[in-house]
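Commentary on secondary and tertiary structure
Here are the chains, one letter per residue:
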Amino acid sequence: MTSKSDSQRQDERRNIPRTDQLLALPEAQAAREKLAEHAVRAVIRGVVKQAQRGVIAPADVTAKVRDALNNASPYSLRPVLNATGVIVHTNLGRAPLPEVAIAALADAAAYTDVELDLPAGVRSKDRGRGAINALLAACPGAEDALVVNNGAAALLLATAALAPGKEVIISRGELIEIGAGFRLPELIESSGTALKEIGATNRTHLADYEAALGNNTGAVLKVHPSNFRIEGFTTAVDVPQLRGVLQKHNKSRGEGAGQVSLIVDLGSGLLVPDPTLPEEPSLKEQLDADADVVIASGDKLLGGPQAGIILGTKKAIALLKKHPLARAVRIDKLRLNALEAALNAPANAVEEALHIDSAEYRRRTEEVAQAVGGEVVAHAGRVGGGGAPEYPLEGFAVALPEELAALLRVGQSAVLPRVHQGQCLIDVRCIPASQDTALIAAIRKAQELQPEE
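Residues numbered from 1 in each chain as written. Predicted model: local features only at pLDDT ≥ 70, side-chain atom pairs only at ≥ 80, totals over all residues. Heavy atoms only, no water.

Looking at an unreviewed UniProt entry, one finds the protein named L-seryl-tRNA(Sec) selenium transferase, with Corynebacterium simulans as its source organism. Per UniProt, the comment on the protein under Catalytic activity (unreviewed entry) is "L-seryl-tRNA(Sec) + selenophosphate + H(+) = L-selenocysteinyl-tRNA(Sec) + phosphate". What UniProt records for the protein under Cofactor (unreviewed entry) is the sentence "pyridoxal 5'-phosphate". (UniProt positions renumbered as here; feature names shortened; annotations may be inferred.)

Details of the overall build of the protein
When its secondary structure is counted, the protein shows 19 helices and 17 strands. The C-alpha extent of the protein, read off along each of the three principal axes, is 90 × 60 × 55 Å. Taken across its 453 residues, the protein has 44% of its residues classed as buried. Contacts spanning at least 24 positions in sequence make up 73% of the contacts within the protein whose residues lie at least 6 apart. Element-wise, carbon and sulfur atoms account for 51% of the exposed surface of the protein, whose accessible area totals about 23300 Å². Across the protein, the 49 positively charged side chains and the 55 negatively charged ones have centroids separated by 7 Å. (Helix = DSSP H or I, 4+ residues; strand = E, 2+ residues; numbered from the N terminus. Buried < 20%, exposed > 50% of the residue type's maximum accessible area, 1.4 Å probe, protein only. Contact = heavy atoms within 4.5 Å. Areas by Shrake-Rupley, 256 points an atom, 1.4 Å probe, with all protein chains shown as cover. Lys, Arg positive; Asp, Glu negative; His and termini not counted. Charge placed at Lys NZ, Arg CZ, Asp CG, Glu CD.)

Here we look at the sheet that holds strand S13 (residues 375–381)
If you walk across this open sheet you meet the 4 strands as S13-S14-S17-S16, and the pairing is antiparallel. Among the strands making up the open sheet, the edge pair consists of S13 and strand S16 (418–420). Across the sheet, the mean angle separating the axes of adjacent strands is 45° when strand polarity is ignored. Taken together, the 4 bridges between strand S14 (residues 393–401) and strand S17 (residues 423–426) define a ladder with antiparallel strand orientation. Paired with Leu400 across the two strands is Cys424, which belongs to S17. Running over the sheet, helix H17 (residues 358–372) touches S13 and S14 and is turned about 0° from S14. (Pairing = 2+ DSSP bridges. Axes fitted to C-alpha atoms, helices over the stretch in contact; angles between N-to-C directions.)

Let's talk about the side chain of Arg429
Structurally, Arg429 can be placed in the loop between S17 and helix H19 (436–449). Comment: no salt bridge for buried Arg429; closest opposite-charge side chain is Asp427, at 4.8 Å. Of the polar contacts made by the side chain of Arg429, one reaches the backbone oxygen of Ala353; its length is 2.8 Å. Of note is the side chain of Arg429, whose polar atom sits 3.0 Å from the backbone oxygen of Glu394. Setting aside residues up to four positions removed in sequence, Arg429 forms contacts with Gly85, Ile87, Ala353, Leu354, Ile356, Tyr361, Leu393, Glu394 and Gly395. (Salt bridge = Lys/Arg side-chain N within 4 Å of Asp/Glu carboxyl O. Polar contact = N/O pair within 3.5 Å; in protein donor to acceptor, adjacent residues only side chain to side chain.)

So, the UniProt feature "modified residue: N6-(pyridoxal phosphate)lysine" (unreviewed entry) in the protein
Per the UniProt entry, the sites bearing "modified residue: N6-(pyridoxal phosphate)lysine" (unreviewed entry) are Lys300 in this numbering. Tracing the backbone shows Lys300 in the loop between strand S11 (293–297) and strand S12 (308–312). Taking the relative accessible area as the measure of exposure, Lys300 reaches 10% and is therefore buried.

Regarding the pattern of salt bridges
Working definition: two side chains of opposite charge can pair if their charged atoms are close together. Tallying each qualifying case throughout the model produces 20 salt bridges. In this structure, Arg172 and Glu197 form a salt bridge, with 3.5 Å as the shortest nitrogen-oxygen distance. In this pair, Arg172 is assigned in the loop between strand S5 (167–171) and strand S6 (177–179) and Glu197 in strand S8 (residues 194–198), connecting sequence segments 25 residues apart. Its relative accessible area of 36% is what places Glu197 among the partly exposed residues. In this structure, Lys284 and Asp288 form a salt bridge, with 2.7 Å as the shortest nitrogen-oxygen distance. Taken as a pair, Lys284 and Asp288 lie in helix H12 (residues 283–288) at a separation of 4 residues, close to a single helical turn. Residue classification places Lys284 among the partly exposed residues on the basis of a relative accessible area of 41%. Assessed through its relative accessible area of 45%, Asp288 is described here as partly exposed. Salt bridges sharing common partners tie together Glu115, Arg123, Arg127 and Arg330.

Structure follows, in structure tokens:
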């Protein structure tokens, strides 16, 4: 038997405005200039469902629909002020692009000459040549380059092309998980190669590599650990040592037997050595050590868009370009243009955050603290994105009550702080100085919304 309250709710639902009436609202007509018809209907349907569930009153539906349509957007990703002190923040899309790279994205969104020789009026085979030339200029130790969709795609292609149907030797201490549950062994073996694990988690010796090399060896893979460090009783073999072993092995096999390639996966994308990160290896160092290919991500320390960057010898890169997988992992025109622009830009957000002026950093932090009633405390930032794991970047933060963090995350101008030891910490390292005013306004708004004790 239906209760009285259920009957009342059913009666109230009869007063919900009809969809055709809501679709005829002036706000719906205006929304169609930026939204497809199905998107307009989805906005309206979302409000109506709230009324059907009793979340809002039927009398409020029209007003709620008007407001929702006025604020509707054709896309859902929101800008966020990164106040965590983590420069390459994976959950926030890693590295923010330089202004010139943002402009490059916009230009590439239109028709472009990505695969066209304009003077000749014929199809060009030089797709991505601008980005490749920029990479070669930035890393003159490389003979050639290739850009693919992301770092995982680069590693997949490199192992498939340089060790087809053969073994890839790797230290057990470098069998990492790269994020979202994807593990290096599973990724590499999906290319049709077989992994040959050597050494132990904490110690792998040169003799382990020498003993593992055989007639079925296609490549040796050296991986820079991501997001962790092994300390204490450890031993690892560096790239120059590996090159020496491979030169001796390849010479003994002769050209006809096929050569064993040396693949180095750095991940972080540091182009040249940086004294701020003394333990982080660079692409230049690995190329100088005669690695056949070096792999890096475009959206980490390099400061560009997501991309898998492969630098190396002409012979090795030619094999990668000819492999069928190269088409499957091809990068789009937008990111090609943005990567070229990021490489040619005089500076980027990653470099600026990494080498921030300490006095200016402190001054900005104090200004924010004074404006919102916070306390300036010491705070160590991080590179993030697998770069320089556990290496602290000494700095400052504004300490505020912990409960403010949730309000900041969902504010109209979203702010992501760090919550640590019962405090909400605001670090301006990764926030442009031009956005300090917006940051202060967002904090004040959140403070106004805090419930009174």
